[in-house]
Amino acid sequence: MDLLSVRNPATGELLKELPLTPTAELRSLFERASEVQKRWAAVPLKDRVARLYSLRETLINHVDDLSELISNENGKPRFEAMVNEIFAAIELCTYFAKNGEALLADSPIPMGLMKHRASYLNYWPLGVIAVITPWNYPFLLPMGELVMGVLAGNAIIFKPSEITPLIGLRLQEIFEEAGFPKGLINTVVGDGATGAAIIDQRPAKIFFTGSVATGKKIMRAASEHLIPVNLELGGKDPMIVLDDADLDFATSAALWGGFSNSGQICASVERILVHESVATEFKRRLKEKIATLRQGVSRTGNNDLGAITFEKQKDIYASQIRQAKERGAEFVTGGEFSADRRFLQPTVVTGEDIESLDIYNEETFGPVVALTTFRTIDEAVEKANRSKYGLLASVITRDISKGEEIAKRIEAGTITINEVVYTAGLPETPWGGVKETGFGRKHSARGLYEFVNTRHIHKPVAGVFVFKSLWWFPYTPFQHATFRKFIEFYRNSWFAKLRALPGWVSNLIRFITREPRI
Ligand code: NAD
């Protein structure tokens, strides 16, 4: 049987050798999951919600062993494992446990013309879905899909990254310990080939988080079977620092936004756009703060930055840094690997040509930030939007209204004002991007609805006499005349007349009646 060696990226220590899930077993795994899913979907929603409360308790009870496992397998500091992964996962369970019943209850649609009829939406599970995730947030990222997926009544075939399978297996155990039925969450151990084989089994939907290149492959494969996909892909997120910003605050935001999780975050600050009048002071302060960061092995608990998790990612850093050096970029700080190549110094790069370099344009996904300047807000917005990605952007300013004006011009799924990165940890807010960052949303009501089919049910209003509709066969002169009258009514309505009045009169009436502008 093929084995997968799982190592601690900070020390190289072998943590475990795991057997890969044979692809020949996937068919029976799907069949069993389908059986379990049917029984699970019949469990009343309030009981499914109750299990989320037990899941929350289970997470609280296991916070220490989970932090240790995440830290060992991923290389991040224990603090980050506890706060950014487990604490956020507890919050996720709390939100969906509190709101799940209301969000999945039948939802009425107010009727326009057809007042004698009523419509509502009714939600039902998708079936057996696939969740395929990366290694950077190996606990919190799948947790979002697993929690929303089972709440909505689905069973899940879950493939964690081949870099962090122990956390993936532990997630399944945690759900089972919390009282979810065996076979509802099924962790599959394997690499990209296993992921591709999962898609061949035709899951009801694929929830994928990972790189753009893999996202494209997955969408291509899914299209063969017309399987819907949610894609949460890469980012090259800008942080705009206006000239009125408090530079102590702005540099601290850049520090955490650029270097937490060693910058291995889809939404980390990878491009800083700083107003030219404050750029020199900004760089000086940022450099000073970077010098205080402690990089090291997580077990001691005395570090801010952990190891680089994924060997192949180091080649991307090395190539971007090499190009920047060859093209004469200015390294404000960093740019070197440790002797054992397990750590990369937190790096800030700038210079006249910076905007033409890969380090500024391509996703780095590591502790590397590229810095450029702008003169006007228009220029800042144009530069922020000049990217193939659109996940998150941030604006740092003392003027919140100005921040909001800028936010509304930025092409991204989330824009934070005077905050960075963290809203993927807020379960009540939607997460997802535009452009090559992908599509679909996770978390919040919008995210939950990605995990259900929606039925529209249309019925007579209770007590209303049921009559044949006026547009049914046969088409009589009476029907013609009636619909003509309707259309004439629209032509002569106060609404239509209002539009014909002189500008200021109609504006005044619109203002008083709050009629929308059309
Ligand atoms: P990756 O695309 O290499 O792998 C992601 C997952 O896909 C892994 O489990 C992998 O085994 C699997 N996979 C690979 N090939 C496959 C195939 N052909 N079919 C099915 N599955 C396949 O990405 P990665 O290196 O693990 O993660 C880094 C990327 O993830 C970055 O680009 C980052 O921006 C992105 N990411 C995005 C978000 C977001 O919310 N938008 C969050 C975290 C990470």
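Scroll up to find the structure this text is about.
What you see is a predicted model; the values in this text were computed from it and never measured. (Residues numbered from 1 in each chain as written. Predicted model: local features only at pLDDT ≥ 70, side-chain atom pairs only at ≥ 80, totals over all residues. Heavy atoms only, no water.)

Caption draft 1: Highlighting the overall build of the protein. Secondary structure summary: the protein contains 18 helices and 20 strands in total. The principal-axis extents of the C-alpha atoms in the protein amount to approximately 90 × 65 × 40 Å. Out of the 518 residues belonging to the protein, those deemed buried represent 51%. For the protein, long-range pairs separated by at least 24 residues make up 70% of all intrachain contacts whose partners lie at least 6 apart in sequence. Taken as a whole, the protein presents about 24100 Å² of accessible surface, with 56% of it coming from carbon and sulfur. Of the side chains in the protein, 62 bear a positive and 61 a negative charge, and the two mean positions are spaced by 9 Å. (Helix = DSSP H or I, 4+ residues; strand = E, 2+ residues; numbered from the N terminus. Buried < 20%, exposed > 50% of the residue type's maximum accessible area, 1.4 Å probe, protein only. Contact = heavy atoms within 4.5 Å. Areas by Shrake-Rupley, 256 points an atom, 1.4 Å probe, with all protein chains shown as cover. Lys, Arg positive; Asp, Glu negative; His and termini not counted. Charge placed at Lys NZ, Arg CZ, Asp CG, Glu CD.)

Caption draft 2: Expanded view of the side chain of K442. Counting through the fold element by element, K442 comes out in the loop between β19 (438–439) and α15 (444–448). Here the side chain of K442 touches L141 through a polar contact of 2.9 Å, landing on its backbone oxygen. Here E145 takes part through its side chain, which lies 3.1 Å from a polar atom of the side chain of K442. When neighbours within four sequence positions are excluded, K442 is seen to be in contact with L141, G144, E145, M148, E232, T429, P430, W431 and G447. (Polar contact = N/O pair within 3.5 Å; in protein donor to acceptor, adjacent residues only side chain to side chain.)

Caption draft 3: Broad picture of the packing of helix α2 (residues 45–61) against helix α5 (residues 140–151). Between α2 and α5, whose axes approach to 9 Å, the crossing angle comes to 150 degrees. Viewed along their axes, α2 and α5 adopt a mutual orientation that is roughly antiparallel. Side by side, α2 and α5 meet where L45, R48, V49, L52, L55 and L59 of the first sit next to M143, V147, V150 and L151 of the second. Its residues assigned to classes, the contact of α2 with α5 shows nine nonpolar, no polar and one charged. (Axes fitted to C-alpha atoms, helices over the stretch in contact; angles between N-to-C directions. Parallel < 35°, antiparallel > 145°, perpendicular 65-115°, else oblique. Nonpolar A, V, L, I, M, F, W, Y, C, P; charged D, E, K, R; others polar.)

Caption draft 4: Spotlight on the packing of aromatic side chains. Following the criterion strictly, the structure yields 10 aromatic pairs and no others. Geometrically, the ring pair formed by F207 and F451 is stacked, given 4.0 Å between the ring centres and 0 degrees between the ring planes. Of the two residues, F207 sits in strand β8 (residues 206–209) while F451 sits in the loop between α15 and β20 (452–460), which places them 244 residues apart along the sequence. Residue classification places F207 among the buried residues on the basis of a relative accessible area of 1%. Overall, the relative accessible area of 0% leaves F451 in the buried class. Pairwise contacts between aromatic rings join W40, F175 and F180 into one cluster. Its end group placed over the ring of F331, K325 keeps NZ or CZ at 5.5 Å from the ring centre. (Phe/Tyr/Trp six-rings, centres within 6.5 Å; stacked < 30°, edge-to-face > 60°. Lys NZ or Arg CZ within 6 Å of the ring centre and 35° of its normal.)

Caption draft 5: Representation of the site of the ligand in the model. Neighbouring residues of the ligand: 30 residues in total, closest E162, S211, T214, L233 and E363. Residue E363 places a side-chain N or O atom 2.5 Å away from an oxygen atom belonging to the ligand. Burial of the ligand by the protein chains amounts to 90% of its free accessible area of 860 Å². Those elements that place two or more of their residues in the shell around the ligand are α7 (192–200), β8 and α8 (212–224). Here the residues of the shell around the ligand are counted per class, giving 14 nonpolar, 10 polar and six charged. Three or more residues apiece are contributed to the shell around the ligand by two domains, here domain 1 (24–233 + 446–455) and domain 2 (237–426). (Near = heavy atom within 4 Å. Domains from an automatic or database assignment.)

Caption draft 6: The packing of helix α9 (residues 247–259) against helix α10 (residues 279–290), seen in detail. With their axes 9 Å apart at the nearest point, α9 and α10 run at an angle of 55 degrees to one another. When the interaxial angle is binned, α9 and α10 end up oblique. As for the relative orientation of α9 and α10, their crossing is right-handed in sense. Between α9 and α10, the contacting residues are L247, D248, A250, T251, S252, A254, L255 and F259 on the first element and E281, F282, R285, L286, K289 and I290 on the second. (Left-handed = near helix turned anticlockwise from the far one by under 90°.)

Caption draft 7: Fine view of the environment of F374. Here F374 shows up in strand β14 (residues 368–374). F374 gets classed as buried once you look at its relative accessible area, which sits at 1%. Spatially, the C-alpha atoms of F374 and E224 are 46 Å apart, while their sequence positions differ by 150 residues.

Caption draft 8: Representation of the pairing of strand β16 (residues 392–396) within the structure. The buried fraction of β16 is high, at five of five residues. Covered by surrounding structure in β16 are L392, S394 and I396 together with A393 and V395, the residues of both alternating faces. Examined bridge by bridge, strand β10 (residues 237–241) and β16 share three bridges and lie parallel to one another. Bridge pairing in β16 places M239 opposite S394. For β16 and strand β17 (residues 414–417), the ladder comprises four bridges, and the chain directions are parallel. Considered in β17, the bridge of L392 is made with T414. (Pairing = 2+ DSSP bridges.)

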